[in-house]
Amino acid sequence: MDEVIYPKFRWYVMCTMIIVTAVQGIALIGPAPLIPEILKTMPQYSPGEITLMTMSSFNLFVALGALFGGILLDKFGVVKVYIGCLVLIGAGAF
């Protein structure tokens, strides 16, 4: 019986997924404490509408990333796409 040998790259993938999941969670939940302050400056909107505006843009870009991520990885490589995505998440949070 042949022994299966796994590449060491799997540990990089696991660590990357942990970091990405944490950053995405922070980016998604980050605007939540600001909703009362946003409501003060935009009283014409309800809390639900403010939540929709802040969190749906994040979800839209996650969906687009899921659709086009493979194409970007093939074209630019793992490291460039990883750094680019972290920069985009940071810009969105700013």
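Above this text you will find the structure in question.
As the structure is a prediction and not an experimental result, all values here were calculated from the model.

Draft legend 1. Fine view of the overall build of the protein. Counting its regular elements, the protein contains 4 helices and 0 strands. Taken over C-alpha atoms, the radius of gyration comes to 18 Å for the protein, far larger than the 12 Å a tight globule of 94 residues would show. Principal-axis analysis of the C-alpha atoms places the extent of the protein at approximately 70 × 25 × 20 Å. Expressed as a percentage of the 94 residues in the protein, the buried residues total 9%. In the form shown here, the protein has an accessible surface area of approximately 7,700 Å², with 75% of it arising from carbon and sulfur atoms. Charge centroids of the protein, computed over 5 positive and 5 negative side chains, lie 10 Å from each other.

Draft legend 2. The arrangement of a nonpolar patch on the surface in detail. On the surface, a cluster of nonpolar side chains totalling about 800 Å² of accessible area is made up of Phe9, Tyr12, Val13, Met17, Leu73, Val78, Val79, Ile83 and Val87. Those elements that provide at least two residues to the nonpolar patch are helix H1 (9–29) and helix H4 (78–93). Mapped onto the elements, Ile83 comes out in helix H4.

Draft legend 3. Helix H3 (residues 47–76), seen in detail. At Phe68, H3 is bent by approximately 55 degrees, the largest bend along its length. All of the buried residues along H3 are Ile50, Phe58 and Gly69. In this structure, the buried side of H3 is in contact with H1 and helix H2 (35–41). Positive backbone phi, approximately 95 degrees, marks Gly77, located one or two places after H3.

Scoring rules and cut-offs
Residues numbered from 1 in each chain as written. Predicted model: local features only at pLDDT ≥ 70, side-chain atom pairs only at ≥ 80, totals over all residues. Heavy atoms only, no water. Helix = DSSP H or I, 4+ residues; strand = E, 2+ residues; numbered from the N terminus. Rg over C-alpha atoms; globule rule 2.2 N^0.38 Å. Buried < 20%, exposed > 50% of the residue type's maximum accessible area, 1.4 Å probe, protein only. Areas by Shrake-Rupley, 256 points an atom, 1.4 Å probe, with all protein chains shown as cover. Lys, Arg positive; Asp, Glu negative; His and termini not counted. Charge placed at Lys NZ, Arg CZ, Asp CG, Glu CD. Patch = residues over 30% accessible without salt bridge, like charges linked within 9 Å, V, L, I, M, F, W, Y side chains within 5 Å. Salt bridge = Lys/Arg side-chain N within 4 Å of Asp/Glu carboxyl O. Bend = angle between axes of the 7 residues up to and from the residue. Contact = heavy atoms within 4.5 Å.

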